[in-house]
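Spelled out from the first residue to the last, the chains are:
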Amino acid sequence: MTSVGTGYDISSSTYSTEGRIYQVEYATQAANSFGTSIGMKVNNGVILGSVSRKISKLLKPASNKCISHVDKHIGIATTGWTADAREILNIARREAENYRSSYKIPPPTTQVVQRLGFYIHAHTLYSSVRPFGVNSIIGGKDDNGYHLHMIEPSGEHWGYRGCVVGKGQKEVKTELERIDLDNIDPTLAVNRMVKMLLKAHRDSEKEEPYHMEISWVTEETNGYHERVPQNIIDDAINQFENEGHEGEGEGADEAQETMEVE
Amino acid sequence: MDPITYKLPHTPQGIQKPGEPVKHISSPAVTGSSVLGIKYKDGLMFAADCLGSYGSMLKFKNQHRLHAIGKSTVLAFSGDVSDFQYMQETLDELMNSERNWEDDQSLGTKSIYSYIHAIMYQRRSKVDPLWNSYVVGGIEKGKPFMGYVDLYGTTYEADSLATGFGKHLAQPLMRKALEDKEGDLTEEEARDVLLRSLRVLFYRDTRSLNLYQIAKVTGEGVTISDPTHLDSEWEFGRNIRGYGF
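Per chain, residue numbering runs from 1 following the sequence as it is written. Here chains are named by letter from A upward and ligands by number from 1 upward, in the order in which they appear as written. pLDDT decides what is reported in this predicted model: residues at 70 or higher carry local features, side-chain atom pairs at 80 or more are listed and counted, and totals for whole chains, interfaces and linings draw on all residues regardless. Values reported for side chains reflect all heavy atoms of the structure, with hydrogen atoms and water molecules removed beforehand.

Looking at an unreviewed UniProt entry, one finds chain B named Proteasome subunit beta and attributed to Mycoemilia scoparia. Looking at the Function (unreviewed entry) heading of the UniProt record, one finds this comment for chain B: "Non-catalytic component of the proteasome." UniProt positions are given in the numbering used here, feature names are shortened, and annotations may be inferred rather than shown by experiment.

An unreviewed UniProt entry lists chain A under the name Proteasome subunit alpha type-7, with Mycoemilia scoparia given as the organism.

Asks: Please explain the overall build of chain B as it appears in this structure.
Replies: Helix and strand labels come from DSSP, where a helix needs a run of H or I of at least four residues and a strand needs a run of E of at least two; each type is numbered from the N terminus. If you tally the helices and strands in chain B, you get 5 helices and 14 strands. Overall, the C-alpha framework of chain B stretches about 65 × 60 × 25 Å when taken along its three principal axes. Relative accessibility thresholds used throughout: buried, under 20% of the residue-type maximum; exposed, over 50%; partly exposed, between the two (1.4 Å probe, protein chains only). By residue count, 43% of the 245 residues in chain B fall in the buried class. Here the contacts in chain B between residues at least 6 apart in sequence split such that 62% fall between residues at least 24 apart. Under the convention used here, a 1.4 Å probe and the Shrake-Rupley method define accessible areas, while residue burial counts only the protein chains that appear. When the accessible surface of chain B is summed, it comes to about 13700 Å², and 53% of that surface belongs to carbon and sulfur atoms. Should any heavy atoms of two residues lie within 4.5 Å, those residues are counted as being in contact.

Asks: How should the interface of chain A and chain B be read in this particular structure?
Replies: Interface size, as often reported, equals the accessible area lost upon joining of the parts. Every contact between the two is made by 16 residues of chain A and, on the other side, 8 residues of chain B. Using a 1.4 Å probe, buried area is obtained as the accessible area two parts lose upon being combined, added over both of them. For the pair chain A and chain B, the two sides together bury roughly 1100 Å², of which 32% comes from carbon and sulfur. Of all residues in chain A, the largest losses of buried area upon contact with chain B belong to A:His69, A:Lys72 and A:Glu97, amounting jointly to 43% of the total for that side. For salt bridges, the criterion is a side-chain nitrogen of Lys or Arg within 4 Å of an Asp or Glu carboxyl oxygen. Our count for the chain A to chain B interface comes out at 4 salt bridges.

Asks: Just to check I follow, could you spell out the UniProt feature "domain: Proteasome alpha-type subunits" (unreviewed entry) in chain A for this structure?
Replies: Sequence positions flagged by UniProt for "domain: Proteasome alpha-type subunits" (unreviewed entry) are, in local numbering, residues 8–30 of chain A. This span, residues 8–30 of chain A, is 39% helix and 0% strand, and a straight line between its end C-alpha atoms measures 18 Å.

Asks: Help me understand the layout of surface pockets in this model?
Replies: Rolled over the atoms, a probe as big as a water molecule pinpoints where empty space is left. A cavity, in this analysis, means grid points on a 1 Å lattice covering only the protein atoms where a 1.4 Å probe fits yet has no way out; a pocket is instead an open set bounded by protein on both sides within 12 Å along at least five of seven lines, and a residue lines either one if it has an atom within 4 Å of a point. Grid points are joined across faces, edges and corners, and a volume is the space filled by probe spheres set on the points. One number sums up the size of the largest pocket: a volume of about 1200 Å³. Along the wall of the largest pocket there are 34 residues; nearest its centre are B:Gly70, B:Lys71, B:Met95, B:Arg99 and B:Ser106. Those elements that provide at least two residues to the lining of the largest pocket are strand S10 (225–227) of chain A together with helix H1 (81–99) and strand S8 (132–140) of chain B. It is H1(B) that provides the largest number of residues to the lining of the largest pocket, a total of 7 residues. Residue polarity is assigned by list, with Asp, Glu, Lys and Arg as charged and Ala, Val, Leu, Ile, Met, Phe, Trp, Tyr, Cys and Pro as nonpolar; anything else, Gly included, falls into the polar class. A breakdown of the residues in the lining of the largest pocket according to their chemical character gives 7 nonpolar, 13 polar and 14 charged. Each pocket or cavity is described by its volume, and for the second largest pocket that value is around 730 Å³. The wall of the second largest pocket is formed by 32 residues, among which A:Ser52, A:Asn64, A:Lys65, A:Cys66 and A:Thr82 lie closest to the centre. For the lining of the second largest pocket, the secondary structure elements donating two or more residues are strand S2 (45–53), strand S4 (74–80) and helix H2 (82–103) of chain A. The biggest single contributor to the lining of the second largest pocket is H2(A), with 5 residues. Class assignment of the residues belonging to the lining of the second largest pocket gives a composition of 11 nonpolar, 12 polar and 9 charged.

Asks: Is there a simple way to explain the sheet that holds S2(A) in this structure?
Replies: Strands in a sheet are paired, the pairing made by backbone hydrogen bonds, and the direction either parallel or antiparallel. All names here are of chain A. Overall, antiparallel pairing links the 5 strands, which are arranged S8-S1-S2-S9-S10 in an open sheet. What marks the edges here is a single partner per strand, and that holds for strand S8 (162–166) and S10. Taken pair by pair, the neighbouring strands of this sheet meet at an average axis angle of 15°, ignoring direction. If DSSP finds at least two bridges between two strands, the strands pair. Pairing geometry for strand S1 (residues 36–42) and S8, over 5 bridges, is antiparallel. In the strand pairing of S8, Met40 is matched with Gly162. Fitting a line to C-alpha atoms yields each axis, with helices limited to the stretch in contact; the angle taken between N-to-C directions then spans 0 to 180 degrees.

Asks: I would appreciate a short explanation of the side chain of A:Arg100 in the present structure.
Replies: Residues and elements named next belong to chain A. Checked against the element boundaries, Arg100 lands in helix H2. Its relative accessible area of 17% is what places Arg100 among the buried residues. Definition of a polar contact: a pair of N or O atoms within 3.5 Å, with one able to donate and the other able to accept a hydrogen when the atoms are protein atoms, and with sequence-neighbouring residues admitted only if both atoms are side-chain atoms. A distance of 2.9 Å separates a polar atom in the side chain of Arg100 from a polar atom in the side chain of Asp71.

Asks: Help me out: how do you make sense of the sheet that holds strand S7 (residues 157–159) of chain A in this one?
Replies: Residues and elements named next belong to chain A. Within the open sheet, the 5 strands sit side by side as S3-S4-S5-S6-S7. Their pairing is antiparallel. Two strands in the sheet have a free side with no partner beyond their single neighbour: strand S3 (67–71) and S7. For this sheet, the mean angle separating the axes of adjacent strands, direction not counted, is 25°. Judged from the 4 bridges that link them, S3 and S4 form a sheet pairing that is antiparallel. Looking at S4, one finds that Asp71 is bridged to Ile74.

Asks: I would appreciate a short explanation of the pattern of salt bridges in the present structure.
Replies: Close approach of charged atoms lets side chains of opposite charge pair. If you walk through the whole model with that rule in mind, you get 30 salt bridges over all chains. With a shortest N-O distance of 2.9 Å, A:Arg227 and A:Glu213 are connected by a salt bridge. Separated by 14 residues along the polypeptide, A:Arg227 in strand S10 and A:Glu213 in strand S9 (residues 210–218) bring together distant segments of the chain. Accessibility classification places A:Arg227 together with A:Glu213 in one group, the buried group. Taking the shortest distance from any N to any O, the salt bridge between B:Lys181 and B:Glu189 comes out at 3.1 Å. Relative accessible area serves as the criterion here: at 41%, B:Lys181 is assigned to the partly exposed category. The partly exposed category is assigned to B:Glu189, whose relative accessible area is 25%. One salt-bridge network, held together by shared partners, links A:Arg53, A:Lys167, A:Glu205 and A:Glu208.

Right, here's the structure in full:
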C-alpha cells in the first residue's frame, strides 16, 4: 500500500492525502476474508444464507451462529469478526425494541437498517474506536413488503434485490445477476442459494468442512424470520453433489457429516 | 388550580411539589369486570365479557380481555385496561427476547405466571400498583396449570378461578360443577358452567355485558372465540311490582 509509513493508516479520523480512510478499508478487507453470505429478495419472500469454514471439529453444533433474529420479522446475516458481529446484533435488537416501545408497531426494516448504519458509521469517525470488521445483510418484512439491505464496515448501506459478501463475492454476484429474482419462488431460491454457497465454499476452501445457515421471511412463515427446514437444504446439497461438482468424492461425505444447521 | 377544569376521579390533584411525598394515580380509569377460568378434561377454558367501562359508563363494547401469551398460555384480565396493555407489551418484549435465543425452549405457563407476579408485587411495593386481577392458565409439559394474581401481589392456584364479582357469583357455580364431576368436566360441561356463570354476572353485575369470548388451551394450543352474544331472559321483570314500577 502506497501510504505505508506515511502514518495515514493508523487512525480512521484522518483522511490520507488521496482522500481515503485506510482503517475503514482494512476493516472491509477483514470482513471479506471470512465466509460468504448471500441475501435474495424474491417473489413473496426474502432469504439470507451464510457459509463459512468450520473452525474446529471440536466445536459444539450450532455455536457461533452467523444468522440471528433481530425482531420477529427481521433477520440478520453477518460475516466477519464474530465478536464484532455480536455487538452489531445486540445494537440491532436494541433499536428494534426501542422502536416497538416508542411507536407500538413492528419496526420497519429500513428503520432498523438506518439506525444500525448510523451506529456503524459513527465507529469510522474517531481515532479512539476501531471500525467494525463485519458485513451485515438484513432482511425483513413490513407493511411495504419485503426488504433486503446490506451494511458495510463504512456504515454505508443500500437496499438490494440480491447481494453477496465474502470470499466468493465475484462468482456469486455474476450468478445472482442471472437469476430472475423478482419472479423466483422462495423454495426454489433457497435451492439456488445453497448451491451458490457450496460452490463459493469449494472454490476457496476446497474440501474443508463447512458450516451453513439459511433463513427466510416468507408468506409461509407468516412474515416471521425463521430458519429454513433442514430437508429443503439437504435436498439442495444432494442435488449439488450429484450434479458432478469437481470436488465430489471423499470430501463430500465429510462435508455432509459436519453440516450443522438446526 | 383552574376552577373551570373538571378533574376526573383518576387524575392526580394538583402538581407534585418538591419535598412532598410522591403521589400516584390510585384508581383505575377504563376497567374490565370479572374473568373466569376452569380446568376440564382436555385443558383449560376461560371466559370474559367484552366490556371496557369508564366509571359506570359502558364505554368500550369490543374490549378483548382474553389474550394468548406464547403458544399455550392464556392471560385473562380484569381491572384497568391501560395497565393491562402495559403488562401485555412487557410480556411481548420478554417472549420476543426469549425467541431470539433459538434454543428450542420457550417460557412455560408457570414461568409467565411467576414473571407477572414479580411485576405485580414490585409495583405494589412501590405503592404504585398495576390495577388488575389476572387469571393466567395454560398447559406446560402436558399438565394444566392455572393461577391468580392481583394488584396486591396475592397469588393462588385452583381448578377454577374468578376475579372481581365473579369470585362471589361464579366461583360457587364452577366449584359445584367440578365437585359433581369429581374434577373431570367435558368440554361441553365446562362451556356450560362458564356460560351460566357469565349469565348470572350479566344479571347481577352492572359493569357487565351480554357479549363474551371463550378461550381454550389444549394440547393443540390456544383458541380464542370471536365475541359472541349471550342470551338472557328478562320477561320476569313484567311481574315485578314495587321498586318504582
